[in-house]
Each structure stands twice: as C-alpha cells, then as structure tokens.
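Fold and contact review
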Amino acid sequence: MDALSKLSRRQSLQSLVLFGAGAVITGLHRPTAAHAQATSPSAMKDKDIFQFALNLEYMEAEYYLRATTGKGIDAADIGADAGGVNGGRKVSFRDKAISEFADELAKNELAHVRFYRKTLGSQAVARPTIDFEGGFKAVATAAGLPEFDPFANDMNFLLGGVLFEDVGVTGYAGAAPLLQKKEFVEAAAAILAVEAYHIGMARSQLDQMGEKAQKAANAVSAARDKLDGPHDKDQGIERNGKANLLPATPDGMVFRRTPQEVLRIVYLTDKAGVDSGGFYPKGINGALKST
C-alpha cells in the first residue's frame, strides 16, 4: 500500500516556498488546442494536489541546494526519467545570518521532497525539467532588473527566493479547501504556517538592506501580480513609505491562489490553457499542469 493512504494526522510538512515569478511576456506562451484543460476543483484528488506540490518542492530544493552547496538533489531523490536543471551555482554569502538561513532552507526543502515522495509512494512524480537561467532572465527583464543573477550575492539570493516564496503562502491557502481528507487539511494548515514564518524572515531581511532591495522586491511583486489574473493578490515589502512585511487582505487574512494561478506565475504567462513555460519549459508532471 502506498504511503499516501497511511498518512497520519500527526504528519505535517514544514515547507517554505512554492516557486513563483512574474513577467507578462506578450506572445511568449500561447495556448493551443493540444494543451490540457485546467482540472476543475471538483475533479481534483488529494494525490493530484500533493503531486502538484512535489513539482514545486523539487524546484525549491534545487534552488536552495545549488545556492548553498553548488549542487542539486541527488539522483536517489528525483525519480526515474527525471528532467534536467539549467542554471544555479553556489552563492558566496557575506552575511553569516543569511548564509545560515539559506542552509536551513536547503535542508528543509530537501526534506520536503523526500516527504512527498515517501507519502505518495508509487504515485510520486519525477522531477520535471527546470530552467533557472531562462526563468530568472525573463522575470528580470519584466521587473526592470537588468542582468539579474540570483546567485551573485546575498541580496539577489533573497530576491530570487521572494519571486516565489510569497506564492507558497497564497498557494497553500488556496489548496487547503480542495483537500478531502481531514489529515491532509491539517497538514496544509501546518505547511502554510511554516511558509509564513519563512517568508516573513526573508521580507524582513530585504527590507533591512535598504532602498535598493526594497525597490527591487516591489518591482518583482508588481510584475508577478500581472500574471495570476485581474485581482490584486500581491504586495511588495514597502507601501506608502512604510515597511510591508506581512502582506494581507483588508480583513488581515492571507491571499489565496488556485493551482492555475500558481502555474501562471511559474510558467510566466497570463494566458489560460498553457501547460509549460518559464521555469518549467516542459511543464510540470501530474494531472494539474495547465493554467
């Protein structure tokens, strides 16, 4: 029996980020009749949502492992026929606190990948093809950050993470109501809480770096918010001249994104019916793969 059917209510996953980044690139990815249609909420199964999360955890783990160790996930943890990874290298951190933070994130994200693979058992999807170089280049162009290299220094590393960390909180908030089993809802709630802790720290570190980091983070947020639809579900780390470390609705609640809205961000498209692009040039694996 797969581990998915055995998940205890006590099991929860500590997670940081669902990778997301944004840029409206006209004509970059156009939907075609061959593209898979978005799965309706009523048709989603718990395993579909967990497979969706695993795809994103692969990218998170690859980003932080490459930044801290210079290499990615070991072959034992990526599945059969896994896709390749383009880009990423070890960061020469100058700030000890940020270096230790990054190391903790890398270890957590690898643990998340292993958790999902163990939980899904034979239903675990392999690592999809990931393109950091092309994805970050496209995002930087749209956000007005020329020659942006997320592996160049402490600030860029945090900015690279912020491209997708905020999306993790909104993505889990949006996925929780779609889960059927109570223990999975409990896990999603625990994941959401941990993600919120981590993104709060990253936003705080960038805010303390000063005006240059604040403006860059706000530009990334503005570009990203153009992708997921007409509603404003993104906030920068500075608003009206004051720090904005805790993005929330007027009711003080977290914004929610559907799986399709998350895919628009990581595929770097504002179109419906797209099943690949951006950080996932061949798309993600599993049933939930179309915007």
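It should be noted that the structure appears before, not after, this text.
Below is a summary of the structure that appears in this document. (Residues numbered from 1 in each chain as written. Predicted model: local features only at pLDDT ≥ 70, side-chain atom pairs only at ≥ 80, totals over all residues. Heavy atoms only, no water.)

Right, let's talk about the overall build of the chain for a bit. Counting its regular elements, the chain contains 7 helices and 4 strands. Along its sequence from the N terminus, the chain presents helices and strands in the succession α-β-α-β-α-α-α-α-β-β-α. Residues classed as buried in the chain amount to 55% of the 291 residues present. Across the chain, the fraction of contacts at a sequence separation of at least 24, relative to all contacts at a separation of at least 6, is 79%. For the chain, the exposed surface amounts to about 12,800 Å²; the carbon and sulfur share of it is 50%. (Helix = DSSP H or I, 4+ residues; strand = E, 2+ residues; numbered from the N terminus. Buried < 20%, exposed > 50% of the residue type's maximum accessible area, 1.4 Å probe, protein only. Contact = heavy atoms within 4.5 Å. Areas by Shrake-Rupley, 256 points an atom, 1.4 Å probe, with all protein chains shown as cover.)

Attention shifts here to helix H4 (residues 154–175). In this model H4 runs 31 Å from its N-terminal to its C-terminal C-alpha over 22 residues, within 8% of the 32 Å that 1.5 Å per residue would give. The axis of H4 is deflected most strongly, by about 35°, at Val-162. With 22 of 22 residues buried, H4 lies mostly within the body of the structure. The opening residue of H4 is Asn-153, an N-cap whose side-chain oxygen sits 3.3 Å from the backbone nitrogen of Met-155. (Expected span 1.5 Å × (residues − 1). Bend = angle between axes of the 7 residues up to and from the residue. Polar contact = N/O pair within 3.5 Å; in protein donor to acceptor, adjacent residues only side chain to side chain.)

The next point concerns the nonpolar core. Membership of the largest hydrophobic core comes to 77 residues, with the highest contact counts inside it found for Phe-157, Leu-206 and Tyr-280. Elements that contribute at least two residues to this core include exactly helix H1 (46–69), helix H2 (96–120), helix H3 (132–143), H4, helix H5 (182–208), helix H6 (211–225) and helix H7 (259–267). The leading source of residues in this core is H1, at 13 residues. The residues touching Phe-157, leaving out its near neighbours within four places in the chain, are Tyr-63, Tyr-64, Ala-67, Val-91, Phe-93, Ile-98, Ala-102 and Pro-150. (Core = buried A, V, L, I, M, F, W, Y, C linked by side-chain atoms within 4.5 Å.)

Glancing now at the pattern of salt bridges. This structure, assessed with the given rule, holds 13 salt bridges. For Arg-127, the salt bridge is made with Glu-62, and the minimal N-O distance between the two is 2.8 Å. In this pair, Arg-127 sits in the loop between H2 and strand S2 (130–131) while Glu-62 sits in helix H1, placing the two residues 65 residues apart along the sequence. Here Arg-127 falls in the buried class, since its relative accessible area comes to 9%. Its relative accessible area of 0% is what places Glu-62 among the buried residues. Put simply, Asp-166, Arg-203, Arg-224, Asp-234 and Arg-257 are held in one network by salt bridges that share partners. (Salt bridge = Lys/Arg side-chain N within 4 Å of Asp/Glu carboxyl O.)

Attention now goes to the packing of aromatic side chains. On inspection of all chains with the given rule, the structure shows 16 aromatic pairs. Arranged with centres 5.9 Å apart and planes meeting at 75°, the rings of Phe-115 and Tyr-116 form a pair that is edge-to-face. Tyr-116 gets classed as buried once you look at its relative accessible area, which sits at 1%. An aromatic cluster is defined as three or more aromatic residues linked by ring pairs; in this entry it consists of Tyr-63, Tyr-64, Phe-93, Phe-132, Phe-136, Phe-148, Phe-151, Phe-157, Phe-164 and Phe-279. (Phe/Tyr/Trp six-rings, centres within 6.5 Å; stacked < 30°, edge-to-face > 60°.)

Of note, Arg-203 is situated in helix H5. On the basis of relative accessibility, which here comes to 0%, the residue Arg-203 falls in the buried class. Setting aside chain neighbours within four positions, we find Arg-203 in contact with Asp-166, Gln-235, Gly-236, Ile-237, Asn-244, Leu-245 and Pro-247.

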